[in-house]
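Listed here are the chains, written in short residue letters.
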Amino acid sequence: MRNNRRLLGWLDERTGLKKIWETLFARKIPESKGSVAWFYTLGSACLFVFVVQVITGVLLAMNYVPSPDHAYDSVRFIDKQVFLGHFLRGLHKWGATFMVVVVLLHMLRVYFMGAYKYPREVTWMMGVVILLLVMAFSFTGYLLPWDQKAYWATAVGANIAGQTPVVGSHVAKILKGGEEMGVATLTRFYALHVLVLPILTALLVGIHLFLVVWHGISEPPEKTNRQIESN
Amino acid sequence: MSAWHEEYLKRYAQLKERGRSFFPYAVFKDVIVSFLLLCVLSALAYFVGAELGDLADPTDTTYNPRPEWYFMFLFQVLKLFPGRLEAVAAVVLPVLVVLFLFSLPLIDRGRERHPSRRPLLTGIALMTIIAWGFLTWKGYTSPLTNPIVEKDPLVLAGHRLYQELKCSYCHSIGGQGGLVGPELDKVVGDQTEEWLGKHFRDPQALSPGTVMPKLNLLGDEITILVAYMKSLGSGPFTEEAAKLFNENCTTCHRIGKEGGDVGPNLSAIGSVRSKSYIKSYIEDPSRANNSSSMPAYKGQLTDIQIEDVARYLASLKGNK
Amino acid sequence: MDGSSDNTTRFSRRHFLSWIITTVGAVIAAVLGSTAIGYFISPAFQRKEENWVDLGPIGTFPKGNPTKVEFVQRMRDAWVTTERRSSAWVLTSDGENYIVFDPRCTHLGCPYHWDEEKKQFLCPCHTAVFDVGGGVVSGPPPRPLDRYQNKIVDDRLYVFPKPTQVKT
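Thresholds, definitions, all that
- Residues numbered from 1 in each chain as written.
- Chains lettered and ligands numbered in written order.
- Predicted model: local features only at pLDDT ≥ 70, side-chain atom pairs only at ≥ 80, totals over all residues.
- Heavy atoms only, no water.
- Helix = DSSP H or I, 4+ residues; strand = E, 2+ residues; numbered from the N terminus.
- Buried < 20%, exposed > 50% of the residue type's maximum accessible area, 1.4 Å probe, protein only.
- Polar contact = N/O pair within 3.5 Å; in protein donor to acceptor, adjacent residues only side chain to side chain.
- Lys, Arg positive; Asp, Glu negative; His and termini not counted.
- Salt bridge = Lys/Arg side-chain N within 4 Å of Asp/Glu carboxyl O.
- Contact = heavy atoms within 4.5 Å.
- Patch = residues over 30% accessible without salt bridge, like charges linked within 9 Å, V, L, I, M, F, W, Y side chains within 5 Å.
- Areas by Shrake-Rupley, 256 points an atom, 1.4 Å probe, with all protein chains shown as cover.
- Buried area = accessible area lost by both parts, 1.4 Å probe.

Further remarks concern the side chain of A:Thr56. All names here are of chain A. Relative to the assigned elements, Thr56 resides in helix α4 (residues 42–61). For Thr56, a relative accessible area of 4% corresponds to the buried category. Of note is the side chain of Thr56, whose polar atom sits 3.3 Å from the backbone oxygen of Gln53. Polar side-chain contacts of Thr56 include one of 2.8 Å to the side chain of His92.

Here A:Arg120 is to be found in the loop between α6 (85–112) and α7 (121–143). Buried and unpaired, A:Arg120 has no salt bridge, with A:Glu219 as the nearest side chain of opposite charge at 4.7 Å. Ignoring any residue separated from it by four or fewer positions in sequence, one finds A:Arg120 in contact with A:Ala115, A:His215, A:Gly216, A:Ile217, A:Ser218, B:Tyr8 and B:Tyr12.

What follows concerns a nonpolar patch on the surface. All names here are of chain A. On the surface, a nonpolar cluster with roughly 670 Å² of combined accessible area is contributed by Leu47, Val51, Val54, Ile55, Val58, Leu59, Met62 and Leu209. For Leu47, the position within the fold is in helix α4. Looking at Leu47, the relative accessible area reads 35%, which means it is partly exposed.

Residues and elements named next belong to chain B. Here Ala288 shows up in the loop between α13 (275–283) and α14 (303–314). Overall, the relative accessible area of 43% leaves Ala288 in the partly exposed class. Sequence spacing of Ala288 and Tyr277 is 11 residues, and the spatial spacing of their C-alpha atoms is 8.8 Å. Ignoring anything within four residues of it in the chain, the contact list for Ala288 reads Tyr277 and Tyr281.

Moving on, we come to the interface of chain A and chain B. Each partner contributes to the interface: chain A provides 84 residues, whereas chain B provides 81 residues. Contact between chain A and chain B buries roughly 8000 Å² in total, counting both sides, with carbon and sulfur atoms accounting for 65%. By the criterion of area lost to chain B, the three top residues of chain A are A:Tyr111, A:Tyr118 and A:Gln148, representing 9% of everything that side buries. Where chain A touches chain B, the interface holds 4 salt bridges. Put simply, chain A and chain B have 32 residue pairs in polar contact (both at pLDDT 80 or more) between them.

What follows is the structure in structure tokens.
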């Protein structure tokens, strides 16, 4: 016990641990009554699912090959041969679905409570960008198993992007990494899915969370605007 | 800084002062929710899992993918916008929605936060949720989005036999195979099952002079080959076909749960009529049926459109 | 500095330094950014690869009679190359102008051959006959033999192995 405290003291002196703890966790937040408080868990639920996706994703990447002649077989291998592989892939797939659901619910909570208002405008904007990143994750990840559904859903997606006025055909080609879908599409999507998007998402989630702590979490809205209570 | 901003910050500081610590009161709830999520996730991962379909086949242009459920509404919206307007639904609308969301805090800058004090925005959101739910439900109940049916065992067996017999030395399907014989996916839709059966029994009898050899197939083998041939449908059709059908035919005809009952139900038309019959019927019904009250569509639709719709209808086998 | 310098020099020094920081920063961002963006969007400006196939020096084709030429066609998808053996019939009368026929009969795609005695193309599948210019003489074919585009570069014959139909 005494040793523990000494160790903590030693660490605190060198890292400011105590201050960090106080800022992040021991901070006070406005009270929300009853069931409303549970709505405030949606944000942390997003973070939780993101962490699940990162862990399962990293593990899946250990057995996956992003090349049309190996992708499908490597996914099959994960499914059939690797210990817990099927379960892990199931977690990642359902985690992706949950990600979309929880992020949207979180957005609805903030929307209906008007929590995007002053001074939290930028927090909301970062949130919208994170929503787009989640969509991009979903789109790029869908192709990776390289089965029929993956291939053709991506083909449809690329066609939809190709309908953008003026720059459509260029956008479609950039997505596909060339004139036709193939080798370059898969490597491109893989790089986006496992490198670009996670880095961007981690960065934006970091900013988002910083802003949440900086401004403090919004209080539940009231029907009438109460005045400041004079002490 | 406008007046209420300052006031808000002061009031928030007061609320915060009177509030409780984030740890452990809020974190407790967060952990409970995360744990419940993990339970549901694990159950889904373990009992449902992630499916892995057939290997991607870039030459199989008849495959019609279903989008993930949360994109189903977009799929459904696309059907409401004909032809050139499709770009509006596919690209312009989503971009506008995202722009609206992004700039929401700049649009709605007032002090009111309670949903009942912001009726317009609350209304918009509720309407959007309802519309999204409705379109998603429509997407799943309407068979038009995806007429491709699950492969049945006969078809799979037929496909294996096709490979064993090395049919692809002379014939091609989806552009793969030899060029001596006809491209099967383009021509079999024109033939009835009966014709195909006889043809496999003795090619010379039906097509004198053909170089196709007599294969001495068993009855069962002919059955599965015919099933496989019929599954190839009548050549690829576009998404436009379902849309054209919706615009022109659903007043009288029914496919699955949608459409009128003035004319015959077409849910399984592909298993009784060949594509060429359907095409000719759409062009001018009086050729085959003098008492038909259906209008002739030749001239109404272009030849390509009629071909498209005929191929689409020929692909409907009713086992949905 | 030792703090004795007056405000103007200190200001202009600050000003100068931040100007340098901004400029150098902008250059770094431009170099890295343009490389990244250029690499990423390069497929948009990729030209569709034209698969012209080299059939060899023009001197090797006899004049008057069509010659069957075998070649290997390479299909490329990024770094994966698949090879397809293929052939074509080359016809020239003067060694300068060439006609290259697709090797498949326009009826059902059977490979045909040149009959030296009759000076005609014969297709064994359904006894189709074409003349030396690819026109239908008899039999079921719906149109003359399909052709490949060709060009001569540095005295070598190149073809673009995509059949184009000839109007009757």
